Amino acid sequence: DQQVKQNSPSLSVQEGRISILNCDYTNSMFDYFLWYKKYPAEGPTFLISISSIKDKNEDGRFTVFLNKSAKHLSLHIVPSQPGDSAVYFCAARQGAQKLVFGQGTRLTINP
Amino acid sequence: DVKVTQSSRYLVKRTGEKVFLECVQDMDHENMFWYRQDPGLGLRLIYFSYDVKMKEKGDIPEGYSVSREKKERFSLILESASTNQTSMYLCASSFQNVARGYTFGSGTRLTVV
C-alpha cells in the first residue's frame, strides 16, 4: 500500500522553463512533507520542506505547494537549470521518527 | 561537514553468503535507518533504530537483520544473500524529530550473483 505516490516516473523540461513535480498522499495524519534530490551514485540530499499548517514554502528557485484537501503537493523549480537533472523524491512524516517516501521522478533538463 | 559514511560503495556477493553493510554517523543523531532503492519502487524502509540496542521493522524486513551496539553505528545484515536482494542500500540518520530531515550516506550498490 503506497501511501506516498509520485505518478510520473520521468519529466523532461527545457532549460530556463518551469519544472513541476507532483506528489500525492493518502494518509491525512501526515503533518510534514519534504523533497529530496538524488544524483546517481550519491545519497539523497534534503531540498525543501513544508509543514501541514502551511500551503506554500519558498527557497530561492524552489517552491513547494501543499493542497491538504486534495492530499497533493508539488515542487516548482524556476528557472530550471542543467544541474537540476536528478531524481526527486517526496516524503511525508509518519509519527515523529519516520519518513515515507514516494517512488521518485527523474527530471531531465534539456539545454 | 557532517557525515553518514557507508563502508562500501560496491559489493558483489554470492548467493547464500552472510553480508554485513556498515554505516557510521558523526552527528550524534538518535535515529538511524536502512532503506533500499529499486527502480519504480522508490525508497523502502527495511529497519530503523531510535536508540542504542533498539530496533524496529520497517516495510520490508524479511531476509534482513540489524545491529546497533553504539549510537554512531548501525549495521544491516543479510543472513543468507539472495539474488532478489541485489539493490542500492542507503543508510540515513536523523535527530529524534525527523522534521529536520534525514542525512543520507552515499549508498552501497550490492550485487548478489
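Residues numbered from 1 in each chain as written. Chains lettered and ligands numbered in written order. Predicted model: local features only at pLDDT ≥ 70, side-chain atom pairs only at ≥ 80, totals over all residues. Heavy atoms only, no water.

## Comments concerning the pairing of strand E5 (residues 42-49) of chain B
All names here are of chain B.
Alright, step 1. The buried count for E5 comes to 7 of 8 residues, which makes it a mostly enclosed element.
Alright, step 2. Sheet analysis places strand E4 (residues 31-38) next to E5, joined by 7 bridges and oriented antiparallel. Bridge assignment links Tyr35 to a residue of E5, and that residue is Leu45.
Alright, step 3. Hairpin geometry of E4 and E5 is characterised by an intervening segment of 3 residues between the two adjacent antiparallel strands and by a positive phi of about 80 degrees at Gly40.
Alright, step 4. Where E5 meets strand E6 (residues 56-57), 2 bridges bridge the pair, whose relative direction is antiparallel. Considered in E6, the bridge of Tyr47 is made with Lys57. (Buried < 20%, exposed > 50% of the residue type's maximum accessible area, 1.4 Å probe, protein only. Helix = DSSP H or I, 4+ residues; strand = E, 2+ residues; numbered from the N terminus. Pairing = 2+ DSSP bridges.)

## Brief notes about the environment of Thr45 of chain A
All names here are of chain A.
Alright, step 1. By the secondary structure assignment, Thr45 is in strand E5 (residues 45-51).
Alright, step 2. Sequence separation between Thr45 and Asn7 is 38 residues, and the spatial gap between their C-alpha atoms is 21 Å.
Alright, step 3. Excluding anything up to four places from it in sequence, Thr45 contacts Trp35, Tyr36 and Lys37. (Contact = heavy atoms within 4.5 Å.)

## Comments concerning the nonpolar core
Alright, step 1. Grouped together as the largest cluster of nonpolar side chains are 24 residues, with contacts concentrated most on Val4, Phe33, Trp35, Leu73, Leu75 and Tyr88 of chain A.
Alright, step 2. Mapped onto this core, the elements with two or more residues apiece are strand E3 (19-25), strand E4 (32-38), E5, strand E7 (62-67), strand E8 (72-77), strand E9 (86-94) and strand E11 (105-110) of chain A.
Alright, step 3. Per-element tally for this core: the top contributor is E9 of chain A, with 4 residues.
Alright, step 4. When residues no more than four places from it in sequence are discounted, the contact partners of Phe33 of chain A are Tyr25, Ile48, Ser49, Ile50, Ser52, Leu66, Leu73, Ala91 and Ala92 of chain A.
Alright, step 5. Membership of the second largest hydrophobic core comes to 21 residues, among which are Val19, Tyr64, Leu110 and Val112 of chain B. (Core = buried A, V, L, I, M, F, W, Y, C linked by side-chain atoms within 4.5 Å.)

## Let's talk about the side chain of Arg68 of chain B
Residue and element names in this part refer to chain B.
Alright, step 1. Mapped onto the elements of the fold, Arg68 is located in strand E7 (residues 64-70).
Alright, step 2. Buried charge Arg68 goes without a salt bridge, the closest partner of opposite sign being Asp51 at 6.0 Å.
Alright, step 3. Only 2.6 Å separates the side chain of Arg68 from the backbone oxygen of Glu30, close enough to count as a polar contact.
Alright, step 4. If sequence neighbours within four positions are ignored, Arg68 has contacts with Gln25, His29, Glu30, Asn31, Met32, Ser49, Tyr50, Asp51, Val52, Lys53, Arg73 and Phe74. (Lys, Arg positive; Asp, Glu negative; His and termini not counted. Salt bridge = Lys/Arg side-chain N within 4 Å of Asp/Glu carboxyl O. Polar contact = N/O pair within 3.5 Å; in protein donor to acceptor, adjacent residues only side chain to side chain.)

## A look at the environment of Asn7 of chain A
Residues and elements named next belong to chain A.
Alright, step 1. Tracing the chain through its elements places Asn7 in the loop between strand E1 (4-5) and strand E2 (10-14).
Alright, step 2. On the basis of relative accessibility, which here comes to 56%, the residue Asn7 falls in the exposed class.
Alright, step 3. For Asn7 and Tyr25, which are 18 residues apart along the polypeptide, the C-alpha to C-alpha distance reads 11 Å.
Alright, step 4. A polar contact is formed between the side chain of Asn7 and the side chain of Asp24, at a distance of 3.4 Å.

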